Amino acid sequence: MRILVVEDEPALALRLQKALENASFAVDVSYDGEDGRHLGETEPYDAIVLDLGLPKMDGVSVLQHWRAASVSTPVLLLTARSRWSEKMAGFNAGADDYLTKPFEMEEVIYRVRGLIRRASGHSRPELVCGPLRIDTNAGRVHVHGAPIHLTAQEYRILSYLAHHHDRIVKRTELLEHVYDRHYDSDSNVLEVLLGRVRRKVGGGLIETVRGQGYRLVSKGDV
Ligand code: CA
C-alpha cells in the first residue's frame, strides 16, 4: 500500500513519513500544494494525507482539483485549527476524514488503514482469504492459525493482493502500490519478493495469470 503525504512543515512531514513507513506503507512526501496536486493526480496512491494550509496552492483547492479530475483516492485532511467552517470546506471538496493538529501518529495510521479498507470494500480490520488471515491493524499474518513473519515489502505485496483478492492485479499495478516513486521498476525484485511471499503463505494461494498478472484466491471465505 502506498501513501502520499502533502505537508509543508518538514519536521511533521518527516514524522508522518517515518510512522507510515514503520506501519509497512510505501510513502511519497510533497511539501507544497502544486507538487502535491500533480503527484496525487499522476500516481496511484491507496490513500492521501493532506494538510490544509500549504504554500503555492491550499489544501482545499488541491482536493477540489483532484475530485474534478476523478481522483477517487481516500483523503485524510490535517487541519491546524478546529474551526468547523474549514472542516466543512474540506468535506465539501471531497475529503473522507480529518484530524486536527496536534494528533497522535498512531491515530493517523489507524485512520489511513480504515480508509484503505473501506475503499477496497472491506469493513472489518481482519481480512480472511481461505487459510490466510491478515490483521491489518496489527500487521500480523496467520496461515492455518500459525503466525508467519513477513518483511515490510513482503507484507505490502500480500496486503495489496488480499485487499484486492479474486481479481487479477497487473504487475505494473502491484509495483505502483508497493514501491514509492524513487523505485527502479526495471529490476526483477518484485518476482523475487513474490516468490518469498508464496513460499511463506503456501498452498497456491497466489496465482500467476500468464501474461496478465497475479491473483490471490480467497475461495469464497471473505
Ligand atoms: Ca501547513
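The shown structure was predicted, so the numbers you read here are calculated from the model rather than taken from an experiment.

Rules behind the numbers
Residues numbered from 1 in each chain as written. Predicted model: local features only at pLDDT ≥ 70, side-chain atom pairs only at ≥ 80, totals over all residues. Heavy atoms only, no water. Donors = N, O, S within 2.8 Å, 3.2 Å for Na, K, Ca; no water. Buried < 20%, exposed > 50% of the residue type's maximum accessible area, 1.4 Å probe, protein only. Helix = DSSP H or I, 4+ residues; strand = E, 2+ residues; numbered from the N terminus. Pairing = 2+ DSSP bridges. Right-handed = clockwise from strand over helix to strand, strands pointing away. Domains from an automatic or database assignment. Contact = heavy atoms within 4.5 Å. Buried area = accessible area lost by both parts, 1.4 Å probe. 1 Å grid on protein atoms, 1.4 Å probe; cavity = no way out; pocket = protein on both sides within 12 Å on 5 of 7 lines; lining within 4 Å. Points joined across faces, edges and corners; volume = space filled by probe spheres on them. Nonpolar A, V, L, I, M, F, W, Y, C, P; charged D, E, K, R; others polar. Axes fitted to C-alpha atoms, helices over the stretch in contact; angles between N-to-C directions. Expected span 1.5 Å × (residues − 1).

**As for the coordination of the calcium ion**
No. 1: The calcium ion binds to the protein through D8 (OD), D51 (OD) and G53 (O), with metal-donor distances spanning 2.2 to 2.3 Å.
No. 2: In terms of primary sequence, the donors binding the calcium ion are separated according to D-x42-D-x1-G.
No. 3: Residue classification places D51 among the buried positions, given a relative accessible area of 3%.

**Concerning the environment of R196**
No. 1: Within the secondary structure, R196 sits in helix α8 (residues 189-201).
No. 2: By relative accessible area, R196 is classed as partly exposed at 37%.
No. 3: Along the primary structure R196 and T151 are separated by 45 residues, whereas in three dimensions their C-alpha atoms are 9.9 Å apart.

**Structural notes on the pairing of strand β5 (residues 97-100)**
No. 1: A one-sided burial pattern is seen for β5, the buried positions being D97 and L99 and the unburied ones Y98 and T100.
No. 2: Here strand β4 (residues 75-79) runs beside β5; their pairing, made up of four bridges, is parallel. Paired with L76 across the bridge in β5 is D97.
No. 3: You can see the chain leave β4, run along helix α4 (residues 84-92) and come back into β5, and the turn it takes is right-handed.

**Some details on the domain arrangement of the protein**
Quoted interface sizes are often the accessible area lost when the parts come together.
No. 1: Parsing the protein into structural domains produces domain 1 (2-119) and domain 2 (126-216).
No. 2: For domain 1 versus domain 2, the separation of C-alpha centres amounts to 25 Å.
No. 3: If you look at the interface, domain 1 gives 15 residues, while domain 2 gives 13 residues.
No. 4: Where domain 1 abuts domain 2, roughly 1300 Å² becomes buried across the two surfaces, and 47% of that area is made up of carbon and sulfur atoms.
No. 5: Its largest share of buried area at the contact with domain 2, domain 1 owes to R2, S24 and R117, together 36% of the area lost on that side.

**Some words on empty space enclosed by the protein**
No. 1: Here the structure, examined in full by the defined rule, presents one cavity of 30 Å³ or more.
No. 2: Residue lining of the largest cavity: M1, A23, S24, F25, R113, I116, R117, T136, Y155, R156, S159 and H163, and that is the complete set.
No. 3: Tallying contributions element by element places helix α6 (residues 152-163) first for the lining of the largest cavity, with four residues.
No. 4: Here the lining of the largest cavity is built from residues that sort into five nonpolar, four polar and three charged.
No. 5: Built from parts of two domains, the lining of the largest cavity gets at least three residues from each of domain 1 (2-119) and domain 2 (126-216).

**Looking at the sheet that holds β4**
Two modes of strand pairing occur in sheets, parallel and antiparallel, and in both the strands are linked by backbone hydrogen bonds.
No. 1: The five strands are arranged β2-β1-β3-β4-β5 in an open sheet whose pairing can be described as parallel. The open sheet has two edge strands, β2 (26-30) and β5, and neither has a second partner. Across this sheet, the average inter-strand angle for adjacent strands is 20°, counted without regard to direction.
No. 2: Relative to β4, strand β3 (residues 47-51) is paired through four bridges, and the arrangement is parallel. Within β4, the position partnered with L50 by the bridge is L77.

**Some thoughts on helix α5 (residues 105-119)**
Every α-helix winds through 3.6 residues per turn, so residues three or four apart in the chain are directed the same way.
No. 1: Compared with an ideal rise of 1.5 Å per residue, which puts 15 residues at 21 Å, α5 spans 21 Å between its outermost C-alpha atoms and is within 8% of the ideal.
No. 2: For α5, the full list of buried residues reads M105, V108, I109, V112, R113, G114, L115, I116 and R117.
No. 3: Where the residues of α5 are buried, they touch β1 (2-6), α1 (10-22), β3, β4, β5 and α6.
No. 4: G121 sits one or two residues past α5 and shows a positive phi near 85°.

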